[in-house]
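For reference, the chains in residue letters:
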Amino acid sequence: MSSTPCCGGNGETLVFTCAGAAYAGQLANHAGIDLMKAGKAKLFCVAALAAELPEKLDRAGSAGKRIAIDGCDDHCCRKIMEKVGVPVDIHVAVTDLGIEKQPAEPHMLVHARRVVEEVENRLQGGASPSAGPTCCCG
Ligand code: SF4
């Protein structure tokens with residue numbers, strides 16, 4: 001279990017994605033890559049959290065902000081994070097943006113910009129009310 005410092009942690013913004021096999025899951029991961037390329041967040045391994053690797057749990061728990069991007073309303077990424085005690089500050093599900101969960105196909109990344117824009121909006125406007133507590137002080 002990670003320790004989760006209050007009020008901003010180490011200031012790092014991390015993005016986790018479900019990286020599921022479906023179009024929506026791959027789109028979620030592509031959006032995470034785009035956020036990393038744009039310098040908005042560092043891409044981090046949700047699988048390492050599921051494996052409960054201590055150093056990964058500590059870094060995730062110490063981050064200033066954690067973004068979870070899921071492909072669909074199964075919310076696998078968010079659930080993994082919550083299961084291991086890593087708070088989710090911003091959560092976006094691709095299918096909530098009107099993008100269908102379909103089987104993977106070669107040209108499936110055309111919607112990534114839409115997901116990135118949604119995360120950027122949340123970063124500017126604060127955490128989603130559904131994302132749960134962002135600080136242990138209040
Ligand atoms: S959230 Fe949906 S797309 Fe992502 S891994 Fe889970 S079932 Fe697959």
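The preceding data block contains the structure.
Criteria and cut-off values
- Residues numbered from 1 in each chain as written.
- Predicted model: local features only at pLDDT ≥ 70, side-chain atom pairs only at ≥ 80, totals over all residues.
- Helix = DSSP H or I, 4+ residues; strand = E, 2+ residues; numbered from the N terminus.
- Buried ≥ 20, exposed ≤ 12 C-beta atoms within 10 Å, placed from the backbone.
- Contact = placed C-beta atoms within 7 Å.
- Near = placed C-beta within 6 Å.
- Nonpolar A, V, L, I, M, F, W, Y, C, P; charged D, E, K, R; others polar.
- Pairing = 2+ DSSP bridges.
- Axes fitted to C-alpha atoms, helices over the stretch in contact; angles between N-to-C directions.
- Right-handed = clockwise from strand over helix to strand, strands pointing away.
- Core = buried A, V, L, I, M, F, W, Y, C linked by C-beta atoms within 7 Å.

J.: For the overall build of the protein, give the residues involved together with the corresponding values.
T.: Scanning the protein for helices and strands turns up five helices and four strands. Sequence-ordered secondary structure for the protein, helices as α and strands as β, is β-α-β-α-α-β-α-β-α. Split into buried and exposed, the 138 residues of the protein put 43% on the buried side. Restricting the contact set of the protein to residue pairs at least 6 apart, pairs at least 24 apart contribute 72%.

J.: Kindly report on the site of the ligand, identifying the contributing residues and their values.
T.: Taken together, the residues surrounding the ligand are Cys18, Gly20, Ala22, Ala24, Gly25, Asp70, Gly71, Cys72, Asp74, His75 and Cys76. Considering only residue class, the shell around the ligand consists of five nonpolar, four polar and two charged.

J.: Any chance you could break down the sheet that holds strand S4 (residues 90-93) for me, citing the residues and the numbers?
T.: As summarised here, the arrangement of the four strands in space is S2-S1-S3-S4, forming an open sheet in which the pairing is parallel. The two strands at the open ends of the sheet, each matched to only one other strand, are strand S2 (42-43) and S4. In this sheet, S4 lies alongside strand S3 (residues 65-70) in parallel orientation, the contact comprising four bridges. If you follow Ala68 over to S4, its bridge partner there is His91. Contacting strand S1 (13-17), S2 and S3, helix H1 (residues 23-37) crosses the sheet at an angle of about 160° to S1. Across the sheet, helix H5 (residues 112-125) is in contact with S3 and S4; its angle to S4 comes to roughly 155°.

J.: Before we move on, can you summarise the pairing of S1 with the specific residues and values?
T.: Most of S1 is tucked away: four of the five residues are buried. Strand direction decides the pairing type here: S1 and S3, joined by five bridges, are parallel. Residue pairing across strands places Thr17 opposite Ile69, the latter belonging to S3. Regarding the hand of the β-α-β motif, the stretch spanning S1, H1 and S2 is right-handed.

J.: Which residues make up the pairing of S4, and what are the values?
T.: Going residue by residue along S4, you find Ile90 and Val92 tucked away on one face and His91 and Ala93 tucked away on the opposite face as well. Handedness of the crossover joining S3 and S4 through helix H4 (residues 76-83): right-handed.

J.: Report on the environment of Gly11, specifying residues and quantitative values.
T.: Here Gly11 is to be found in the segment before S1. Here the alpha-carbon distance between Gly11 and Gly64, two residues 53 residues apart in the chain, equals 4.1 Å.

J.: If you had to explain the nonpolar core to someone new, which residues and values would you point to?
T.: One finds Ile69, Met81 and Val115 to be the most contacted residues of the largest nonpolar core, which totals 38 residues. At the level of secondary structure, the elements contributing two or more residues to this core comprise S1, H1, helix H2 (46-50), helix H3 (54-62), S3, H4, S4 and H5. With six residues, the top contributor of residues to this core is H1. If near-sequence neighbours (up to four positions away) are discounted, Ile69 is found in contact with Val15, Thr17, Ala28, Ala31, Gly32, Cys77, Val92, Val115 and Val119.

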